[in-house]
Structure formats: C-alpha cells, structure tokens
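Examining the three-dimensional arrangement
Spelled out, the chains give:
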Amino acid sequence: HKIGEVHDGAATMDWMEQEQERGITITSTATTCFWRDHRINIIDTPGHVDFSYEVSRSLMACEGGLLVVDATQGVEAQTLAHAFLAADMGLEIIPVVNKIDLPASDPERVCKEIESTMGIDCSNAIMVSAKTGEGVENILREVVDKIPPPAKSKDNKLRALIIDSWFDSFLGVVLLIR
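Residues numbered from 1 in each chain as written. Predicted model: local features only at pLDDT ≥ 70, side-chain atom pairs only at ≥ 80, totals over all residues. Heavy atoms only, no water.

1. Examining the nonpolar core
One finds Leu67, Val69, Val97, Ile114, Met118 and Ile120 to be the most contacted residues of the largest nonpolar core, which totals 19 residues. Among the elements of the structure, α2 (52-60), β5 (64-70), α3 (77-88), β6 (92-98) and α4 (107-118) are those that each provide at least two residues to this core. With four residues, the top contributor of residues to this core is α4. If near-sequence neighbours (up to four positions away) are discounted, Val97 is found in contact with Val69, Ala71, Pro107, Val110, Cys111, Ile114, Ala125, Ile126, Met127 and Val128. Counting residues in hydrophobic clusters, the runner-up holds 11 residues, among them Cys33, Val128, Leu140 and Val143. (Core = buried A, V, L, I, M, F, W, Y, C linked by side-chain atoms within 4.5 Å. Buried < 20%, exposed > 50% of the residue type's maximum accessible area, 1.4 Å probe, protein only. Helix = DSSP H or I, 4+ residues; strand = E, 2+ residues; numbered from the N terminus. Contact = heavy atoms within 4.5 Å.)

Right under this line is the structure:
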C-alpha cells in the first residue's frame, strides 16, 4: 500500500516492507483519513524511546492520541514514556490493544497492565487487529467522539509548528507543519 492509502476503510500508515512484516512503525508518517463526514489528520510515530524528540514534536501538533499496546507483549518502557508525555500535554488518550488475532495475545492482562502502570481506564479499550482490520472502525468512531477538533487561537496570531521536514529531489525542502 502507499502511504495513507485507504484499504478496506482504513488508512494504511506503515508503508515500509519491514514495518508491514514486523507490525512496527519505523518512520513517522502523516496522513489524512476521511471517515463518514469527518476529516481525521493522523501522525503515526515510532514507539521506540530513541525517537522521543520526534514523538514530542508530533504530540505538540495533536489534540489526542491512541495508546497502542501489543496484546502479546504488553506495556513497554517506551510506551510509558510517551503516554506520560501525552498526559502531561493534556491530550485525550484512547487505549487500543492491537494484535488480538495472534495466538499468544492476552488482551485482559494487557488492559490490567495499562491500568496499573499508567492509571488509564481500560474498561473501554478498543480491541483491534491491524492485520485483519477487526476493530479499526471502532478506533475511528472513538477518535471522532472523544478527541476534540483543533481549537481556534485565542489571540488570533498566526503561528506554525514545524513537525517534520525532508528533502525531495523534485520539490526541494518539504515541511510538515501545523
């Protein structure tokens, strides 16, 4: 799939072969998903702690976040760091338990870990399989219901936040801004 391509109603974010094979995010990707009558802007970031700066810049551009935890591995240290960062920023956090299709998955144990380590209520956590698409529509519904739209600037001054930049041989420097 191409970056942001909609497949079976879901935006595909992980476009690198290694990302698709291993079910991980290696590079940040931004896309827009149109679902029903809503436009949802999404930034998918790597979960590894080495990318904390990149993740913090992305979180500054958001109103909320999906806390995606692997149902086979549970809560990892980098997940804690990024979740606490999002909470400190006052973002709405929606818990998502992924890879429920795998035989080794234990969603109930993972929900208990999320509650005990992060203090996030997991009673309404969304159970998904990114591979099969199960539960993806529930994520979109929760994003629309729980994450507020961007707020209008109180002082009406134009401001921008550079989230990412890269060089394109045809376009030159490309900026991802909010």
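2. Observations concerning the sheet that holds β5
The three strands are arranged β5-β6-β7 in an open sheet whose pairing can be described as parallel. Looking along the sheet, the strands with just one partner apiece sit at the ends: β5 and β7 (126-127). The pairing of β6 with β7 spans two bridges and is parallel. Residue pairing for β7: Val97 is matched across the bridge by Met127. Each of β5, β6 and β7 touches helix α5 (residues 136-146); the most contacted strand, β6, lies at about 170° to it. (Pairing = 2+ DSSP bridges. Axes fitted to C-alpha atoms, helices over the stretch in contact; angles between N-to-C directions.)

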